[in-house]
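Tertiary structure, described
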Amino acid sequence: MIQISIPLVPADDGALLIPADHVTDLLRRLAADWVESTDSGDMRADEQTVQDLARVMSELADQIDVECIGFASAPKP
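Heads up: these notes are all about the structure in this document. All figures in this text were calculated on a predicted structure; none of them were measured in a lab. (Residues numbered from 1 in each chain as written. Predicted model: local features only at pLDDT ≥ 70, side-chain atom pairs only at ≥ 80, totals over all residues. Heavy atoms only, no water.)

**A short note on the overall build of the chain**
Assigned secondary structure in the chain consists of two helices and two strands. In the chain, the succession of helices and strands from N to C terminus is β-β-α-α. For 77 residues, the compact-globule estimate of 2.2 N^0.38 gives 11 Å, and the C-alpha radius of gyration of the chain, at 16 Å, exceeds that figure by more than 25%. A principal-axis box enclosing the C-alpha atoms of the chain has dimensions of 50 × 25 × 15 Å. Looking at the 77 residues of the chain, the share that counts as buried comes to 14%. (Helix = DSSP H or I, 4+ residues; strand = E, 2+ residues; numbered from the N terminus. Rg over C-alpha atoms; globule rule 2.2 N^0.38 Å. Buried < 20%, exposed > 50% of the residue type's maximum accessible area, 1.4 Å probe, protein only.)

**As for the nonpolar core**
By size, the foremost hydrophobic cluster in this structure holds six residues: Leu27, Ala31, Val35, Ala54, Met57 and Ala61. At the level of secondary structure, the elements contributing two or more residues to this core comprise α1 (20-40) and α2 (47-73). (Core = buried A, V, L, I, M, F, W, Y, C linked by side-chain atoms within 4.5 Å.)

**Overview of α1**
Taking 1.5 Å of rise per residue, 21 residues should cover 30 Å, and α1 covers 30 Å from first to last C-alpha, within 8% of that figure. Buried residues of α1: Thr24, Leu27, Ala31, Asp33, Val35, Ser37 and Thr38, and no others. Residues of α1 that are buried sit in contact with α2. The positive-phi residue at the C-terminal boundary of α1 is Gly41, with phi of around 85 degrees. (Expected span 1.5 Å × (residues − 1). Contact = heavy atoms within 4.5 Å.)

**What to know about the pattern of salt bridges**
For the coordinates displayed, the defined rule picks out four salt bridges. For Arg29, the salt bridge goes to Asp25, with nearest N and O atoms at 3.2 Å. With a gap of four residues between them, Arg29 and Asp25 both fall in helix α1, about one helical turn apart. The partly exposed category is assigned to Asp25, whose relative accessible area is 30%. When salt bridges with common partners are traced through the structure, they connect Arg28, Asp62 and Asp65 into a single cluster. (Salt bridge = Lys/Arg side-chain N within 4 Å of Asp/Glu carboxyl O.)

Quick look at the structure:
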């Protein structure tokens, strides 16, 4: 089982934010943990389903990374 500490950043409006790199790391680690648990027999789920879910989570992490790069690279007004 994975353990991750995720910092919360308060926004001006009082909302709590999580840094994107921590979100993508969490998604990738969770996906890898699921696959590892399936490989070791600890996961009581269909192997193909776990593989598919892990792939979707990794793709989501990649998409978040791309969006963040695009945002950070955008020209400032």
